[in-house]
Amino acid sequence: MRALILGGTSDASRLADALARARIDAVYSYGGRTQAPSGQPLPTRIGGFGGAGGLADYLRHERITHVVDATHPFAAEMSRNAVAACAATATPLIALERAPWRKAPGDRWIEVPDATAAVAALPEARSSIFLAIGRQHLAPFAARPQHAYTVRFVDPPDGPLPLPDAHVIVSRGPFTLEGDVALMRARSIGHVVARNAGGDGARAKIDAARELGLPVIMIARPELPERPRVVRIEEVLAWLGHDARLGA
Ligand code: 3Y8
Ligand code: NAP
């Protein structure tokens, strides 16, 4: 048995630790979005496979017997490719997918389907906006240049941003409630824009917005193709362990 972990999230890191401890033969895969990704206790590869076809070739060449898609809920193209490549090679696939955040009492959420709708939900008058959605999805916000943006990246920007007024914070996270409350106060944030990532590593800003009574423009997750899904690492281990017991 040999597993491929499509990673890049804190859940994937926790899964990698569990697989290493269980001495399950596995490879960890990053997309290569950051300059210095955290080390993993498994052999690690970084970068794309070359579409679904490239992933299918990788599965065959590396004799992968199981694929765990532990990518971020917004990594839709990777997840779609995993479904296609595993179907093409008859490789068992499971997704480790964290539950979305649910609105709690006191939350002021403006729920939108995607980044374009998030831009349309921004106020007209100049405001202070916390854009905590990483570096890859800023372009749509160029349609609203009047705002003072605070953006948070994992790595320093490698060029000019599409926003004339943007204050960049370089920080890898996970983040804390105290830290995000202090940040939002210091920047006089009036609106937060977030993607419904779920999990604990990105929720500090959601809790901080509730504490400060700020509206959150919450971007819903993209549709993903049907595939078996679990939310707990133990369920992935059982899925792998079951096959391992059968000597698959
Ligand atoms: C390369 C791996 C760990 C994992 C840390 C988690 C927690 C901190 C919260 C905010 C939201 C955001 C962003 C975020 C969080 C954890 C976790 C998480 C959100 C690393 C990592 C990679 C990435 C890629 C990065 C994206 C960006 C998204 C920043 C490593 C650190 C906004 C997701 O600046 C950039 O270019 C960032 C790019 C892709 C989203 C985007 O689409 O722009 N993640 N983040 C992964 C790869 O190459 O495969 O470098 O070690 C992982 C983590 N990011 O415990 O060490 O729950 O996973 N990551 C979002 O929308 O929520 C930050 O700022 O409040
Ligand atoms: P995406 O748009 O779905 O993927 C675009 C392409 O990037 C994929 O088709 C694939 O290229 C490559 N790719 C993505 N993830 C990969 C992986 N784990 N291993 C190998 N190749 C990968 O992906 P994204 O939204 O940019 O996310 C990229 C990575 O960052 C993912 O690993 C994701 O888990 C991570 N991420 C983490 C967080 C977080 O909060 N932790 C948030 C967002 C993204 P090919 O087609 O060439 O194979």
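Quick caveat, the model's predicted, so the values are computed rather than measured.

A. The packing of helix α2 (residues 51-61) against helix α3 (residues 76-89), seen in detail. Two elements in contact, α2 and α3, have axes separated by 8 Å at closest approach and are oriented at 50°. Here α2 lies oblique to α3, going by the angle between them. Note that α2 runs across α3; the crossing there is right-handed. Residue-level contacts link Gly 51, Ala 52, Leu 55, Ala 56, Leu 59 and Arg 60 of α2 to Met 78, Asn 81, Ala 82, Ala 84, Ala 85, Cys 86, Ala 88 and Thr 89 of α3. Split by residue class, the contact of α2 with α3 holds 10 nonpolar, 3 polar and 1 charged.

B. View of the pattern of salt bridges. Following the criterion strictly, the structure yields 17 salt bridges and no others. In this structure, the salt-bridge partner of Arg 2 is Asp 25, at a minimum N-O distance of 3.6 Å. Here the residue Arg 2 occupies a position in the segment before β1 (3-6), and Asp 25 occupies one in the loop between α1 (10-21) and β2 (26-30), the gap between them amounting to 23 residues. Assessed through its relative accessible area of 40%, Asp 25 is described here as partly exposed. We note a salt bridge from Glu 97 to Arg 227, for which the minimum N-O separation is 3.1 Å. Taken as a pair, Glu 97 in the loop between β5 (93-96) and β6 (108-112) and Arg 227 in the loop between β11 (215-219) and β12 (229-230) lie far apart in primary sequence, 130 residues in all. The burial state of Glu 97 is the same as that of Arg 227; both residues are buried. Each of Asp 69, Glu 97, Arg 227 and Arg 229 takes part in salt bridges that share partners, so that together they form one network.

C. Layout of the site of ligand 2. Around ligand 2 sit 23 residues in total, of which Gly 7, Ser 29, Phe 49, Gly 50 and Ala 75 are the nearest. The backbone of Gly 8 places a nitrogen or oxygen atom 3.0 Å from a nitrogen atom of ligand 2. Contact distances for ligand 2 include 3.3 Å between an oxygen atom and a side-chain N or O atom of Gln 136. Notes on ligand 2: free accessible area 830 Å², of which the protein chains cover 80%. Those elements that place two or more of their residues in the shell around ligand 2 are β2 and α3. Residue contributions to the shell around ligand 2 peak at 4 residues, all from α3. Considering only residue class, the shell around ligand 2 consists of 6 nonpolar, 13 polar and 4 charged.

Scoring rules and cut-offs
- Residues numbered from 1 in each chain as written.
- Chains lettered and ligands numbered in written order.
- Predicted model: local features only at pLDDT ≥ 70, side-chain atom pairs only at ≥ 80, totals over all residues.
- Heavy atoms only, no water.
- Axes fitted to C-alpha atoms, helices over the stretch in contact; angles between N-to-C directions.
- Helix = DSSP H or I, 4+ residues; strand = E, 2+ residues; numbered from the N terminus.
- Parallel < 35°, antiparallel > 145°, perpendicular 65-115°, else oblique.
- Left-handed = near helix turned anticlockwise from the far one by under 90°.
- Contact = heavy atoms within 4.5 Å.
- Nonpolar A, V, L, I, M, F, W, Y, C, P; charged D, E, K, R; others polar.
- Salt bridge = Lys/Arg side-chain N within 4 Å of Asp/Glu carboxyl O.
- Buried < 20%, exposed > 50% of the residue type's maximum accessible area, 1.4 Å probe, protein only.
- Near = heavy atom within 4 Å.
- Polar contact = N/O pair within 3.5 Å; in protein donor to acceptor, adjacent residues only side chain to side chain.
- Areas by Shrake-Rupley, 256 points an atom, 1.4 Å probe, with all protein chains shown as cover.

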